Amino acid sequence: MASELHLRASDSRIVLALLVYLAGGAVLGWRLAVDVPSRRRTAIVLPTAMRDSAVAAGIATSAFGAAAAAPLGIYGILVLVFGTVAVYAVRRH
């Protein structure tokens, strides 16, 4: 899916909206894990913050063509980056 993604300047609003959505999910996950030990906190924060975009992208692509899956492709990339950063941050502590 990501290999078919061609970003344009007009996609910046989509990227910003997806970053806000991802940040909101991370904050919600963090709030849900307030009283949880730190090693288990990550197990709550990551799945809450990161939603599976692959199924939605497949449905959007089959129904409306590849252009409809572009926002989901962007979100998939952001989730991969977020997950990597979160795991490295947890390992450093």
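A brief structural summary. Because the structure is predicted, anything quoted here is derived from the model rather than measured.

1. Section: the overall build of the protein
Within the protein, the regular secondary structure consists of 4 helices and 0 strands. N-terminal to C-terminal, the α/β element order of the protein is α-α-α-α. Split into buried and exposed, the 93 residues of the protein put 28% on the buried side. A separation of at least 24 residues holds for 62% of the contacts in the protein among residues at least 6 apart in sequence. With the model as given, the accessible surface of the protein reaches about 6600 Å², and the carbon-plus-sulfur share is 66%.

2. Focus: the layout of surface pockets
Of the volumes computed, that of the largest pocket is approximately 320 Å³. As for the largest pocket, its lining consists of 12 residues, and the residues nearest its centre are W30, S38, T42, A89 and V90. Here the element with the most residues in the lining of the largest pocket is helix α2 (residues 38-49); it accounts for 6 residues. A per-class count over the lining of the largest pocket returns 7 nonpolar, 3 polar and 2 charged.

3. Here we look at the nonpolar core
Counting residues in hydrophobic clusters, the biggest one holds 6 residues: L18, L22, I74, Y75, L78 and V79. For this core, the elements supplying multiple residues, two or more each, are α1 (12-32) and α4 (70-92). Each residue touching L78, except ones within four places of it in the same chain, is listed here: V15, L18, L19 and L22.

4. Considerations on α4
End to end, α4 covers 34 Å across 23 residues, agreeing with the expected 33 Å (1.5 Å per residue, within 8%). Every buried residue of α4 is accounted for by G73, I74, Y75, G76, L78, V79, G83 and A86. Packing partners of the buried residues in α4 comprise α1 and α2.

5. Focus: α1
In this model α1 runs 30 Å from its N-terminal to its C-terminal C-alpha over 21 residues, within 8% of the 30 Å that 1.5 Å per residue would give. Along α1, the positions that sit buried rather than exposed are L18, L22, G25, A26 and G29. Axial view of α1: buried residues confined to an arc of 100°, hence all on one face. Among the exposed residues of α1, those oriented more than 90 degrees off its buried face are R13, L16, V20, V27, W30 and R31. The elements touched by buried residues of α1 are α2 and α4.

6. Quick look at the packing of α1 against α4
Look at α1 against α4: their axes get within 10 Å of each other, and the N-to-C directions meet at 45°. When the axis of α1 is compared with that of α4, the two are oblique. Remark: the crossing between α1 and α4 carries right-handed chirality. Packed against α1, whose contacting residues are I14, V15, L18, L19, Y21, L22 and A26, the element α4 presents P71, I74, Y75, L78, V79 and F82 at the interface. Per-class residue counts for the contact of α1 with α4 are 13 nonpolar, no polar and no charged.

How each quantity is defined
- Residues numbered from 1 in each chain as written.
- Predicted model: local features only at pLDDT ≥ 70, side-chain atom pairs only at ≥ 80, totals over all residues.
- Heavy atoms only, no water.
- Helix = DSSP H or I, 4+ residues; strand = E, 2+ residues; numbered from the N terminus.
- Buried < 20%, exposed > 50% of the residue type's maximum accessible area, 1.4 Å probe, protein only.
- Contact = heavy atoms within 4.5 Å.
- Areas by Shrake-Rupley, 256 points an atom, 1.4 Å probe, with all protein chains shown as cover.
- 1 Å grid on protein atoms, 1.4 Å probe; cavity = no way out; pocket = protein on both sides within 12 Å on 5 of 7 lines; lining within 4 Å.
- Points joined across faces, edges and corners; volume = space filled by probe spheres on them.
- Nonpolar A, V, L, I, M, F, W, Y, C, P; charged D, E, K, R; others polar.
- Core = buried A, V, L, I, M, F, W, Y, C linked by side-chain atoms within 4.5 Å.
- Expected span 1.5 Å × (residues − 1).
- Arc of directions from axis to C-beta.
- Axes fitted to C-alpha atoms, helices over the stretch in contact; angles between N-to-C directions.
- Parallel < 35°, antiparallel > 145°, perpendicular 65-115°, else oblique.
- Left-handed = near helix turned anticlockwise from the far one by under 90°.

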